[in-house]
Amino acid sequence: MLKIFNSLSKNVEEIVPIHKGEIGMYACGPTVYGYTHIGHGRKYVTDDILRRTLEIIEELKVKHVQNVTDVGHLTSDADSGEDKMEKGAVAAGKTVWEVAKEYTDYFNNVMKELNILPPTIVCKATDHIADQIALIEKIIANDYGYDTPEAVYFDVTKFADYGKMFNQTIEEKSVASREGVEVGEFKKHPADFVLWFKRVGKYKDHVMHWESPWGDGFPGWHIECSAMSMKYLGEQFDIHTGGEDHLSIHHPNEIAQSEAGTGKKPFVKYWIHTTFLMVDGKKMSKSLGNLYKLTDLAEKGFSPLSLRYYFLTTHYHKQMNFTWEGLAGAQKSLLKLNKMVVDLSDVPVTAEGWSGEGVEYFQKFVAAMEDDLNTALALSIVWEMMKSNISDEAKKNLIVVMDSVLGLNLGTEPEKNMGIPEEIKELLTQREEARKTKNWAESDAIRAEIADKGYRVEDYPDGVKVEKI
Ligand code: AMP
Ligand code: ZN
């Protein structure tokens, strides 16, 4: 059975489903106010690998629910600051609804390119306002929430376990909530957090707003995940995922809200967090100019599946440092592996699982995946198997099932958008330079030259996409 690091217990634990044969899994989804970057990609590839392992290796039925945070929310994880979505909308001269739709589509496209299976249920926060209001009402009825002229707050002092989650104390949280953000005037305790914002004071012009028992306003950020996860998965469920940034505020708050509302513990059995993707040793951010998207990778001739392969070479729980050399190495390995599988194109798949020749490779592969999703080890076993002298039939049967877990689409699209030749990469760089200096004639000429050599270049607002024609 799969063993995985549970952030709540800080132990590697065996996953035992609450309901036999089934897993309820909730993944914190994207905030749709900006382009999806490769750091997001790492988190959703982890979720995808987890889901495929549960489904294919453990043969469990996974109900995978993922939200879309489309309510404009506030810049920091705490409750103050500017509304990110509104800021983005104003900058682009669009409505917040249009911005949310565009970035949601963009996110979905990135997920598809990374070969991430779509969730069973995708739920938008703005479609579930009534569920969020109903949960806040329960929290207040159970005496964990209080109404003030500026907002409805969660009272952390009433929730005995609040500081204990993920080893934090309320004192630490108070400091965190004071750093860089102002404490609400009506908060009883500095660590109390907002369940419902009222459209008053600095929020009086907030674009997205709804009627509620506490007046016109909009939900706090954390409540949507509690309300929607419990709506689709029940008041207690198996797995909850997120990036490591959710460990300190979002997830403790989700636990507090959910358990305060239902009176049931634990809200979730296993909490799984992906450690952040860094770039050249630094946190990825717009201001450092190191925030990369798939289109930035395409400009340099790297495919989304090479990025996926690259992610799999590092354990999801270790910090990963993205470098161009690292990605180039991953792409080289993927192309080589892909070629080996393409060479088996004429070999038929004769079994669904595989228990014949070379089964020891499959057993080692399963053991690696079951050991806290050790994808790096699993990949090395794939290589060992492909280089071994077992029969082609055995290789084909084994690689098909292994790839269904790793999701590298091996052997299916050997050329398309993979391994752009050096010569084309060089032309892409020249074209990028031409575009930077607004030399459109030259940029078009280079595009035509690239087309003559068999590659299509498509321009997007945030970069280009290159494909073999
Ligand atoms: P956001 O759209 O910022 O809410 O992020 C969506 C998900 O991606 C969250 O679970 C984040 O924790 C995760 N995430 C954001 N940045 C990174 C990163 N650099 N590396 C890994 N995961 C990230
Ligand atoms: Zn969430």
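Computed from a prediction, not measured in an experiment: that's the story for all the values here.

Rules and cut-offs
Residues numbered from 1 in each chain as written. Chains lettered and ligands numbered in written order. Predicted model: local features only at pLDDT ≥ 70, side-chain atom pairs only at ≥ 80, totals over all residues. Heavy atoms only, no water. Phe/Tyr/Trp six-rings, centres within 6.5 Å; stacked < 30°, edge-to-face > 60°. Helix = DSSP H or I, 4+ residues; strand = E, 2+ residues; numbered from the N terminus. Buried < 20%, exposed > 50% of the residue type's maximum accessible area, 1.4 Å probe, protein only. Lys NZ or Arg CZ within 6 Å of the ring centre and 35° of its normal. pLDDT = per-residue confidence, 0-100. Contact = heavy atoms within 4.5 Å. Core = buried A, V, L, I, M, F, W, Y, C linked by side-chain atoms within 4.5 Å. Domains from an automatic or database assignment.

### Side note on the packing of aromatic side chains
Across all of its chains, the model carries 20 aromatic pairs by this definition. Look at Tyr 144 and Phe 159: their rings are 5.9 Å apart centre to centre, the planes differ by 70°, and that puts the pair in the edge-to-face class. Taken together, the residues Tyr 144 in the loop between helix H4 (129–141) and strand S6 (145–147) and Phe 159 in the loop between strand S7 (151–154) and helix H5 (170–178) connect sequence positions 15 residues apart. Of the residues examined, Tyr 144 reaches a relative accessible area of 22% and is grouped as partly exposed. Ring centres of Phe 154 and Phe 159 lie 6.1 Å apart, and the angle between their planes is 70°; on these two criteria the pair is classed as edge-to-face. Grouped by ring-pair contacts, the aromatic residues Tyr 144, Phe 154, Phe 159, Tyr 162 and Phe 193 constitute a single cluster. Here Lys 188 stacks its cationic end above the ring of Tyr 146, 4.3 Å away from the centre of that ring. Note that Lys 425 overlies the ring of Phe 302, its terminal NZ or CZ placed 5.2 Å from the centroid.

### Observations concerning the confidence of the model for the protein
Of all residues in the protein, 90% have pLDDT values of 70 or greater, and the mean over the chain is 89. Taken as a whole, residues 178–182 scores under 50 in pLDDT and shows seven contacts with residues more than four places along the chain or in a different chain.

### A closer look at the nonpolar core
Membership of the largest hydrophobic core comes to 73 residues, with the highest contact counts inside it found for Leu 297, Leu 307, Phe 322 and Phe 365. For this core, the domains that each give at least three residues are domain 1 (3–274) and domain 2 (278–406). For Leu 297, the contacting residues outside a window of four places in its chain are Ile 38, Tyr 292, Phe 302, Leu 307, Phe 322, Trp 324 and Leu 327. Of all hydrophobic cores here, the second largest spans 44 residues; its members include Ile 136, Tyr 146, Trp 214 and Ile 255.

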